[in-house]
Amino acid sequence: MESIKSGFYQTFILDNNYQYFIRGIEITLLVTVFALVLGLVLGVLVAIIRSAHDQQPKNKRGIVLRVLNLLCKVYLTVIRGTPMMVQLLIMWFVVWASSRATDGNMVRCAVLSFGINSGAYVAEIVRSGIMSIDKGQMEAGRSLGLSYVKTMRFIIIPQAFKNVLPALGNELITLLKETSIVTVIGLKDLTKGAMIVVANTYQALIPYVAIAAIYLTMVMLLTWLLGIMERRLRKSDIR
Amino acid sequence: MIYVKDLSKTFGDNQVISHIDAHIKPGEKVVIVGPSGSGKSTFLRCLNLLEQPTSGTITFDGQEVTAPHGDINHIRQHMGMVFQHFNLFANLTVKKNIMLAPVQLKLMTKEQAEEEAMRLLRLVNLEDKADSYPVQLSGGQKQRIAIVRSLAMKPKVMLFDEPTSALDPEMVGEVLELMKKLADDGMTMVVVTHEMGFAREVATRVLFMDGGVIKEENTPEEFFSHPRDVRLQEFLSKVL
């Protein structure tokens, strides 16, 4: 009991160690949120290009669409085929090689890496959603004179988004937890914060269990928010 | 109004439509009947380019529908289409289903479109469903709303692709009733259907399609009482 008490003291109170955790949560959330936004934008774009290409009859595919589709395919193959940590290492030690190791630079690098990575997975999730919408919805939109883009925007994407929300939630949770590997470039996120505290106090139990609990809480909060969003979007399904 | 010249459509090796010529005049109600797989739905879907014809030309109101870089979206605004499976937009309420196209294509303001939507809903006695979602409606209600959704665009011609085939028998009547009302109001209509009663009563001309060609076309009286084509005689003996 005494050892746990002193463990708590050393982990959180001593030398204002709690600030490592607070600052860590901030960095983790910052990277997650911006990577999420970037991933969503990239993913939806790629998904639309890929499904526009697949839905267009062969003789009507323009050269631009073909090139874009090819680029998207390469992107998906490379990003999904290499480990996230390797992508991050390349981004930081190769692309960002000449930058100083400030928090700002590292956060920007991490956001870009995780955003690009997440975008590849979001793209396939959103594409599966687009493909799951009955062909008749697109035909009805087009038969009224709406363009492909407008039909996508007002009819297909909203329905697709609703269908893939659970899968997107999964991706978001994975993203939040995966940000812990930014420790390899030295960014002081939640995990790195705990590692520093462990190194300073020679106490492993409480810092690591504490961040596990913090991650868990953040994921639970996220799940709850996603649940609310899903119920709201399901409004049109209530008989 | 619609001129079809030498229209053909193949899916892979399967020739679904071969060298069809047709002319649909303003105010006509053309009903197309035929066995399944005869190409009648494909023919109808070619008219507004939901299917890309393999060869041949279609001209609507002086504009070539099949022109390689024609403005198909603009042409489709004047050609309403009603589908077998209704295809109401599942994510929008009934009222918004009707308003979407006129508002997005800037033909009406939001207020005008809303007024028009309510007028159309009153026409089919469904004004109390304005804020319902499609899943909450019966098949017959959905199809009547799909029809007025097309009407909101003030089309010059309406294409019907087996509009009653997916309905429960007791709901067929209400949809046919609305189609008759449209016909009486002078709408130009092209209807693919299995409802021979409707063909007999409403059509000004009936086409019989089989194997991708128009085997016979005639006034409904002649078509049903003195069919000349052997295949048509056989068909009518089975369905009547």
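The structure this text deals with has already been given above.
Residues numbered from 1 in each chain as written. Chains lettered and ligands numbered in written order. Predicted model: local features only at pLDDT ≥ 70, side-chain atom pairs only at ≥ 80, totals over all residues. Heavy atoms only, no water.

Novice: Any chance you could explain helix α7 (residues 148–178) of chain A here in plain terms?
Specialist: With 31 residues, α7(A) should cover 45 Å at 1.5 Å per step; its first-to-last C-alpha distance of 36 Å lies more than 12% under that length. At A:L165, α7(A) shows its largest bend, some 55 degrees, and a proline, A:P166, comes one to four positions later. (Helix = DSSP H or I, 4+ residues; strand = E, 2+ residues; numbered from the N terminus. Expected span 1.5 Å × (residues − 1). Bend = angle between axes of the 7 residues up to and from the residue.)

Novice: Would you explain the nonpolar core in this entry?
Specialist: Where a protein is soluble and globular, its nonpolar side chains tend to be buried together. One finds B:I2, B:F43 and B:L47 to be the most contacted residues of the largest nonpolar core, which totals 65 residues. In terms of residues, this core owes the most to one element, α7(A), which gives 8 residues. Ranked by size, the runner-up nonpolar core spans 49 residues in total, among them B:V33, B:A152, B:M171 and B:V206. (Core = buried A, V, L, I, M, F, W, Y, C linked by side-chain atoms within 4.5 Å. Buried < 20%, exposed > 50% of the residue type's maximum accessible area, 1.4 Å probe, protein only.)

Novice: Help me understand the packing of helix α2 (residues 18–55) of chain A against helix α8 (residues 190–201) of chain A in this model?
Specialist: In a packed pair of helices, the relevant descriptors are the angle between the two axes and the axis-to-axis distance. Residues and elements named next belong to chain A. At a minimum axis distance of 7 Å, the contact between α2 and α8 shows a crossing angle of 155 degrees. Considering the angle they form, α2 stands roughly antiparallel to α8. Along its contact with α2, which presents Y20, F21, G24, I25 and T28, the element α8 presents L190, G193, A194, I196, V197 and N200. Here the residues of the contact of α2 with α8 are counted per class, giving 7 nonpolar, 4 polar and no charged. (Axes fitted to C-alpha atoms, helices over the stretch in contact; angles between N-to-C directions. Parallel < 35°, antiparallel > 145°, perpendicular 65-115°, else oblique. Contact = heavy atoms within 4.5 Å. Nonpolar A, V, L, I, M, F, W, Y, C, P; charged D, E, K, R; others polar.)

Novice: What is the right way to look at unusual backbone geometry in this model?
Specialist: What is expected of a backbone is that most residues other than glycine have negative phi and most peptide bonds are trans. All names here are of chain B. The phi dihedral of F86 falls on the positive side, at around 65 degrees, and the residue is not glycine. Structurally, F86 can be placed in the loop between β6 (79–82) and α3 (94–104). At K106, a position not held by glycine, the phi torsion is positive, near 60 degrees. Structurally, K106 can be placed in the loop between α3 and α4 (110–123).

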